[in-house]
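For reference, the chains in residue letters:
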Amino acid sequence: MRLLSAYCALLFLGCGLEAQSVVTTEVFFARSAMETAAFSGPGTAPATVKMPWVERYELRTETRDFEVERQEYVFRLTPSTRRKVRAQEALYRHQSAAPDFDGAEAACDLVADRYQDWMTMFALTEELNVLDTLALVYEDRATVLDRLAAGLDFDWSKLIRLRKDRTELKIRRKTLTDRLALLQTAYGLAGRKLDFGDVVRPGRLLARVSGSSIAPVDAELAYELTTVARELELERAERRQFLDFAQIKYQGPHGDLPRERLSVGVGLQLPNDGNQLLKVRELELEAEALRTEGLRDRAAATTSFADRKTEWLTAHERYGFVAGAFNEERADLARVAAQLQKKEMFDPLPLLDIRSRELRNALRLLALKNELYEDYLSLEERRGALCAATAGELLR
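Residues numbered from 1 in each chain as written. Predicted model: local features only at pLDDT ≥ 70, side-chain atom pairs only at ≥ 80, totals over all residues. Heavy atoms only, no water.

Undergrad: Go over the overall build of the chain with me, naming the residues and quoting the values.
TA: What the chain contains, in helices and strands, is 10 helices and six strands. Residue burial in the chain is summarised as follows: out of 396 residues, 31% are buried. The long-range fraction of contacts in the chain, counting pairs at least 24 apart against all pairs at least 6 apart in sequence, stands at 82%. For the chain, the exposed area adds up to about 25300 Å²; of that, 56% sits on carbon and sulfur atoms. (Helix = DSSP H or I, 4+ residues; strand = E, 2+ residues; numbered from the N terminus. Buried < 20%, exposed > 50% of the residue type's maximum accessible area, 1.4 Å probe, protein only. Contact = heavy atoms within 4.5 Å. Areas by Shrake-Rupley, 256 points an atom, 1.4 Å probe, with all protein chains shown as cover.)

Spelled out as structure tokens, the structure:
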């Protein structure tokens, strides 16, 4: 009973280790969640911000005929206004919570690199699988040609051409294997099994791309426009401040009644400062320029995205056409192979040629499919969706 329990425990442990050694799309992108989050994130604004209602305190003193006992004192306050305080607090909170655009860009680059590298590993793995199968076909073909080489009418060019093809395949396979190993090592996945079963197929990408559009708002432009708006509100609030100062004045003893020694005064102003008018107008022009630039950039980005989207849809249609043509060819050649196998002492070389042709078509189709994936990710990056999809959801 104990032996049975130990065996079951080892069995479950082995299954768990095997499951942990498999890297899917979800697992691969989950490894980068914390790494990406470290590069971006908005600033933290204080919970409460209180701007002063008194902007300046002044204490002035003056002697009369250099007699200290007859010193004069003036205590002056420069007050703020409710509108000005609100504008200052809003601008302070806005600037304190400024997004880290540089960090966000660095995080976006990390996400884009991870998408690119995962799809590169996907393409390398699929091509290696086809090349391994093609290598077996070449091996069978070599066996048949070696047996036929004893004949007097043997075409030696076939054997020479096969030798060249096997060498090229061997070199190609070595190149792809090294690239895949380097990428796996870079991400700490050496020796791990890569499972691409959850990668979205080209057929499902069509619906996603067809309904896609560019992001409606540029976050950086929106932040700049809000900054200008906050500054403009502050400038306008300053121009609406009519109370310049309030003061208490005390004059030292000089024989008069006490009420003549203490006085209260205020200063009023009518805003007519040309510098303030220029500052307000400058901010208004800056906001207008930002909006114009934003509209122009958005129009250019929308046109460019529409062009790339049309190109992708055309490429997807071409991919479907090529896949359909290859399927028709494979069906026809399958019927030819079936007829050949019905004959006695049939020549196996045509069957191997059919299989080789099928695998080479698969390589050509893989190249087209990889271009679709690459252009699809480029579209998602253009419309601003790639950077936000840190969990790899664009490929699942």
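We are not done yet, so read on.
Undergrad: Run through the confidence of the model for the chain, naming residues and quoting values.
TA: A residue-level look at the chain finds 87% of positions with pLDDT of 70 or above and a mean pLDDT of 83. Ignoring residues within four places in sequence, the model shows residues 1–19, a span with pLDDT below 50, making zero contacts including any to other chains. (pLDDT = per-residue confidence, 0-100.)

Undergrad: Mind laying out helix H7 (residues 202–210), listing which residues take part and the relevant values?
TA: Where H7 is concerned, the buried positions are Pro202, Leu205 and Val209. The buried residues of H7 occupy an angular sector of 40° when projected down its axis, which confines them to one face. Among the exposed residues of H7, those oriented more than 90 degrees off its buried face are Gly203, Arg204 and Ala207. Residues of H7 that are buried sit in contact with helix H9 (274–342) and helix H10 (349–382). (Arc of directions from axis to C-beta.)

Undergrad: Got a sec to walk through the packing of H7 against H10? Specific residues and values, please.
TA: Interaxial distance between H7 and H10 falls to 11 Å at its minimum, and their mutual angle equals 25°. Between H7 and H10, the angle is such that the two are roughly parallel. The handedness of the crossing between H7 and H10 is left-handed. The residues of H10 that touch H7, namely those facing Pro202, Leu205, Arg208 and Val209, are Lys369, Leu372, Tyr373, Tyr376 and Leu379. Of the residues in the contact of H7 with H10, the class split is seven nonpolar, no polar and two charged. (Axes fitted to C-alpha atoms, helices over the stretch in contact; angles between N-to-C directions. Parallel < 35°, antiparallel > 145°, perpendicular 65-115°, else oblique. Left-handed = near helix turned anticlockwise from the far one by under 90°. Nonpolar A, V, L, I, M, F, W, Y, C, P; charged D, E, K, R; others polar.)

Undergrad: Could you give an account of the nonpolar core, with specific residues and numbers?
TA: Counting residues in hydrophobic clusters, the biggest one holds 57 residues, and the most contacted among them are Tyr115, Trp118 and Met121. Only helix H2 (25–30), helix H5 (101–148), helix H6 (156–186), H7, H9 and H10 provide two or more residues apiece to this core. If you tally residues by element for this core, the top one is H5, at 17 residues. When residues no more than four places from it in sequence are discounted, the contact partners of Trp118 are Val23, Thr24, Thr25, Phe28, Phe29, Leu194, Asp195, Phe196, Val199 and Leu395. With seven residues, the next largest nonpolar core counts Leu221, Val280, Leu283 and Leu290 among its residues. (Core = buried A, V, L, I, M, F, W, Y, C linked by side-chain atoms within 4.5 Å.)

Undergrad: So what about the packing of aromatic side chains? Which residues, and what values?
TA: Scanning all chains against the criterion turns up eight aromatic pairs. Both rings, one in Phe28 and one in Phe29, keep their centres 5.4 Å apart while their planes meet at 85°; by these two values the pair is edge-to-face. Here the two residues Phe28 and Phe29 agree in accessibility, since each one is buried. Through a chain of ring-to-ring contacts, the aromatic side chains of Phe28, Phe29, Tyr115, Trp118, Phe122, Tyr187, Phe196 and Tyr373 assemble into a single cluster. The ring of Phe28 is capped by Arg114, whose NZ or CZ atom sits 4.9 Å from the centre of that ring. (Phe/Tyr/Trp six-rings, centres within 6.5 Å; stacked < 30°, edge-to-face > 60°. Lys NZ or Arg CZ within 6 Å of the ring centre and 35° of its normal.)

Undergrad: Quick rundown of the state of the cysteines? Include the residues and the values.
TA: Counting across every chain of the model gives one disulfide. Across a sulfur-sulfur distance of 1.6 Å, Cys108 and Cys387 are joined as a disulfide pair. Taken as a pair, Cys108 in helix H5 and Cys387 in the segment after H10 lie far apart in primary sequence, 279 residues in all. A relative accessible area of 14% places Cys108 in the buried class. (Disulfide = S-S within 2.5 Å.)

Undergrad: Let's hear about the pattern of salt bridges: which residues, and what values?
TA: Working definition: two side chains of opposite charge can pair if their charged atoms are close together. Overall, the coordinates contain 17 salt bridges when judged by the stated rule. Residue Asp132 is joined to Arg173 by a salt bridge in which the shortest nitrogen-to-oxygen separation is 2.5 Å. Highlighted residues: Asp132 in helix H5 and Arg173 in helix H6, separated in sequence by 41 residues. Classification of Arg173 as partly exposed rests on a relative accessible area of 33%. Between Arg281 and Glu284 there is a salt bridge; the shortest N-O distance is 3.3 Å. In this pair, Arg281 and Glu284 are both assigned in helix H9, three residues apart and thus about one turn of the helix distant. Judged by relative accessible area, which is 44%, Arg281 ranks as partly exposed. Residues joined in a network through salt bridges with shared partners are Arg56, Glu58 and Arg60. (Salt bridge = Lys/Arg side-chain N within 4 Å of Asp/Glu carboxyl O.)

Undergrad: Could you give me a rundown of the side chain of Thr25, with the residues and numbers involved?
TA: Structurally, the position occupied by Thr25 is in helix H2. Discounting chain neighbours no more than four positions away, the residues touching Thr25 are Trp118, Asp195, Asp198, Val199, Gly392, Leu395 and Arg396.

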